[in-house]
Amino acid sequence: MSAHKQNATPRREFLKSTAGAAAGLALAGLAIPRVHAAEANTIRLALIGCGGRGTGAVANAMSAGGLVLGDDGGTQRTPGSAAGGPIQLVAMADLRPDRLDQSHRALTKLLGERIDAPPERRFLGFDAYRQAIDCLGPGDVAMLTTHAAFRAPHLEYAVEKGVNVFMEKDFASDPGGVKRIIRAGEAAEKKNLKIAAGLMCRHSASRQALIQRMRDGALGDIQLIRAYRMDPGYGMGPFPRGENELLWQLSPGHPYQFMWSSGGIFIELMIHQIDECFWIKDSWPVSAHGVGGRFAGSTDCSQNLDSYSIEYTFDDGTKALVTGRYIPNCYNDFATFVHGTKCAAQFSGNVHQPTCRIFKDQNLDPSNVTWKSEKEQVNPWQAEWDVLLSAIRQDRPHNEARRAALANLGAIMGRAAVHMGTLITWDQVMASDFQFCANVDQLTATSPAPVQADAQGRYPAPVPGQWVEI
């Protein structure tokens, strides 16, 4: 698979080196304007979850133009146009003081007075999200960037307080969480609140152009979609006895290893491409079945499998095949392909690059391309924020909660088919109220972990035919 170099830089990567990002600003020639909280049209942000993903999202929100900080491939907006206008981060919340402080230092270095979150507006603990959201008012934005288990209670509180929301994926670990997201989204719509959901590929201009061509019949009838994400893996060592097990499970890098906290590595990695499948078909699947497992000799102590292969069926009988594999020293792939009765197309490429092109027939060789998208001027991580801020400033409807929640439910459906070893239908997941952690709203630092390690420090992994999550 070949892919042209794109200007899209995933947010999780952009702040790996504060010095590097600052140097990128200089190279881009991007001037950060001075913003004062007293300006009447300032949109204020509260960041809940101060890891790399949340910190990078702040930079997207703050951007004066359609570019990620440290990248010179975007376009510049004029002040006051569309999404333009003053923005300020006024509150932050996290479980860990080191993450909160690191994020605050990095953002302050990059964005100066746009960061106005003094110690009294930097909150710690499981209820810190409430204190941060309480710092906001009408027209402001709560940024929900913690892990999926906490998305629903955080969204519900933001809607209750009457503030707009940007929420990162994943949105729920289980069907019960999905239903809470849907209900909160409905409540937000009644209040004319705006909700943006972090399935950024929907905001890719290249993908939108290819979708339009497919809707116009360029590929004929869609027969098959193939999506892959295969990389070296994410195994976890045993739980070290003597630590707070709940906080250990929520420490950096660990939440993806547990079903209750994040939904597991498969959904964390594949939700974008699963959503692409649903977007291409403009439909939700009617059923899913699949297989998965671990390679012989695996020492992984997490709850994840290292291989997932799922076949989704849509109501017209067509299929989407979704494959995830996380094993070292194997062939890797990261792309989505579409096959129609006339010809085939590539819908996305490595690390979500907008490698969008149509081939003359079913041969996917680069020499066989008959159309390819123009280079994107605004990458989708930025574009999703442009849309949200434009909707807020111009008071246009914008609520992605239901679509995002149902995409998440489709991913849960495929995961459950593999974990349970059975065919799962859309009607089954829509009817399910299953939760991995029913008391997630009441967790504190002294709560027992929702899943416990055995004597060897290993956690229970799904056993098909015995496991239940629907």
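Just so it is clear, the structure is predicted and the values come from calculations on it, not from any experiment.

Student: Go over the overall build of the protein, please, and point to the residues and values.
Tutor: Across its full length, the protein carries 14 helices and 17 strands. Contacts in the protein between residues at least 24 apart in sequence constitute 75% of all its contacts with a sequence separation of at least 6.

Student: Could you give me a rundown of the environment of Y326, with the residues and numbers involved?
Tutor: With respect to the helices and strands, the residue Y326 is situated in strand β12 (residues 319–326). Note: C-alpha distance between Y326 and M230 (96 residues apart in sequence) is 5.8 Å. Not counting chain neighbours up to four residues away, the residues in contact with Y326 comprise R229, D231, P232, G233, Y234, I265, F266, L269, M270, L305, D306 and Y308.

Student: Account for the side chain of R207, with residues named and values stated.
Tutor: Within the secondary structure layout, R207 lies in helix α8 (residues 205–215). Among the residues examined, R207 registers a relative accessible area of 0% and is labelled buried. Polar contacts involving the side chain of R207 include one to the side chain of E276, which spans 3.0 Å. Separated by 2.8 Å, the side chain of R207 and the backbone oxygen of H352 make a polar contact. In contact with R207, not counting residues within four places along its chain, are C201, E276, W279, F347, S348, H352, Q353, P354, C356 and E376.

Student: Could you give an account of the packing of aromatic side chains, with specific residues and numbers?
Tutor: Under the defined criterion, the tally for this structure stands at 16 aromatic pairs. Measuring from ring centre to ring centre gives 5.5 Å for F278 and W284, while their planes differ by 75°; the resulting arrangement is edge-to-face. W284 sits in the partly exposed class, given a relative accessible area of 26%. For the ring pair W284 and W426, a centre distance of 5.7 Å and an interplane angle of 5° mean the geometry is stacked. In this pair, W284 is assigned in the loop between α11 (265–281) and β10 (287–293) and W426 in helix α14 (residues 426–431), connecting sequence segments 142 residues apart.

Student: I'd like a rundown of the confidence of the model for the protein, residues and numbers included.
Tutor: In this model, the protein carries an average pLDDT of 89, and 87% of its residues clear a pLDDT of 70 or more. Segment residues 1–38: pLDDT under 50, and 94 contacts once partners within four positions in sequence are set aside and those in other chains are kept.

Student: Break down the pattern of salt bridges for me, with residues and values.
Tutor: All told, the structure shown has 18 salt bridges when counted by the stated rule. Of the charged contacts, one joins K169 and E268 as a salt bridge, the two residues approaching to 2.9 Å between their closest N and O atoms. Taken together, the residues K169 in the loop between β7 (164–167) and α7 (175–190) and E268 in helix α11 connect sequence positions 99 residues apart. Residue class for K169 comes out buried when judged on its relative accessible area of 4%. The shortest N-O distance in the salt bridge between R229 and D231 comes to 3.9 Å.

Student: How would you sum up the sheet that holds strand β1 (residues 43–48)? Please name residues and give values.
Tutor: Read from one edge of the open sheet, 6 strands run β5-β4-β1-β6-β7-β8, paired in parallel fashion. The open sheet terminates on both sides in strands that have one partner only, identified here as β5 (122–124) and β8 (195–197). Adjacent strand axes in the sheet meet at a mean angle of 15°, parallel and antiparallel pairs treated alike. Contacting β1, β4 (87–94), β6 (141–144), β7 and β8, helix α12 (residues 380–394) runs over the sheet at an angle of about 175° to β7.

Student: Outline the sheet that holds β12, listing residues and values.
Tutor: Sheet strands pair via backbone hydrogen bonds, and the direction of the pair is either parallel or antiparallel. Read across the sheet, 9 strands follow the order β16-β15-β14-β13-β9-β12-β11-β10-β17 without closing on themselves; strand pairing throughout is mixed. Lying at the two open borders of the sheet, with one neighbouring strand each, are β16 (369–372) and β17 (424–425). Bridge count for strand β9 (residues 222–231) against strand β13 (residues 333–340) is 8 bridges, and the pairing is antiparallel. Bridging from a neighbouring strand, Y228 pairs with A335 of β13. Here α8 sits on the sheet in contact with β9, β13, β14 (344–348), β15 (357–359) and β16, set at roughly 150° to β14.

Student: Describe the nonpolar core, and please don't skip the residues or the numbers.
Tutor: I48, L155, M167, M214, W260, F266 and Y312 are the most contacted members of the largest nonpolar core, which has 103 residues in total. No other element matches helix α13 (residues 401–420), which puts 13 residues into this core. If we ignore the near neighbours within four places in the chain, the residues touching Y312 are I274, F278, P285, S287, A288, T318, K319, A320, V322, G410, A411 and G414. The next biggest cluster of nonpolar side chains, apart from the first, holds 25 residues, and it includes A57, V58, M62 and L111.

Student: Help me get a handle on the packing of α11 against α13, residues and values and all.
Tutor: One can describe the packing of α11 onto α13 by two numbers: an axis separation of 9 Å at closest approach and a directional angle of 115°. What the angle tells us is that α11 and α13 run roughly perpendicular. Crossing angle aside, the handedness with which α11 passes α13 is right-handed. Residues F266, I267, I271, I274, D275 and F278 of α11 touch α13, and the partners they reach there are R403, A407, N408, G410, A411, I412 and R415. A per-class count over the contact of α11 with α13 returns 8 nonpolar, 2 polar and 3 charged.

Student: Describe the pairing of β4, with residues and values.
Tutor: The buried count for β4 comes to 8 of 8 residues, which makes it a mostly enclosed element. Direction of pairing for β1 relative to β4: parallel, over a ladder of 6 bridges. Paired with L45 across the strands is L89, a residue of β4. Bridging between β4 and β5 involves 3 bridges; their strand directions are parallel. Residue pairing in the sheet places M92 in a bridge with R122 of β5. Assessed by its sense of winding, the connection that carries the chain from β4 through helix α4 (residues 97–111) to β5 is right-handed.

Student: Describe the packing of α8 against α11, with residues and values.
Tutor: α11 packs onto α8 with a crossing angle of 35° between their chain directions and a minimal axis gap of 10 Å. Here R207, Q208, I211, M214 and R215 of α8 come into contact with α11, specifically with E276, W279 and I280. Residue classes in the contact of α8 with α11 are distributed as 4 nonpolar, 1 polar and 3 charged.

Rules used throughout
- Residues numbered from 1 in each chain as written.
- Predicted model: local features only at pLDDT ≥ 70, side-chain atom pairs only at ≥ 80, totals over all residues.
- Heavy atoms only, no water.
- Helix = DSSP H or I, 4+ residues; strand = E, 2+ residues; numbered from the N terminus.
- Contact = heavy atoms within 4.5 Å.
- Buried < 20%, exposed > 50% of the residue type's maximum accessible area, 1.4 Å probe, protein only.
- Polar contact = N/O pair within 3.5 Å; in protein donor to acceptor, adjacent residues only side chain to side chain.
- Phe/Tyr/Trp six-rings, centres within 6.5 Å; stacked < 30°, edge-to-face > 60°.
- pLDDT = per-residue confidence, 0-100.
- Salt bridge = Lys/Arg side-chain N within 4 Å of Asp/Glu carboxyl O.
- Pairing = 2+ DSSP bridges.
- Axes fitted to C-alpha atoms, helices over the stretch in contact; angles between N-to-C directions.
- Core = buried A, V, L, I, M, F, W, Y, C linked by side-chain atoms within 4.5 Å.
- Parallel < 35°, antiparallel > 145°, perpendicular 65-115°, else oblique.
- Left-handed = near helix turned anticlockwise from the far one by under 90°.
- Nonpolar A, V, L, I, M, F, W, Y, C, P; charged D, E, K, R; others polar.
- Right-handed = clockwise from strand over helix to strand, strands pointing away.

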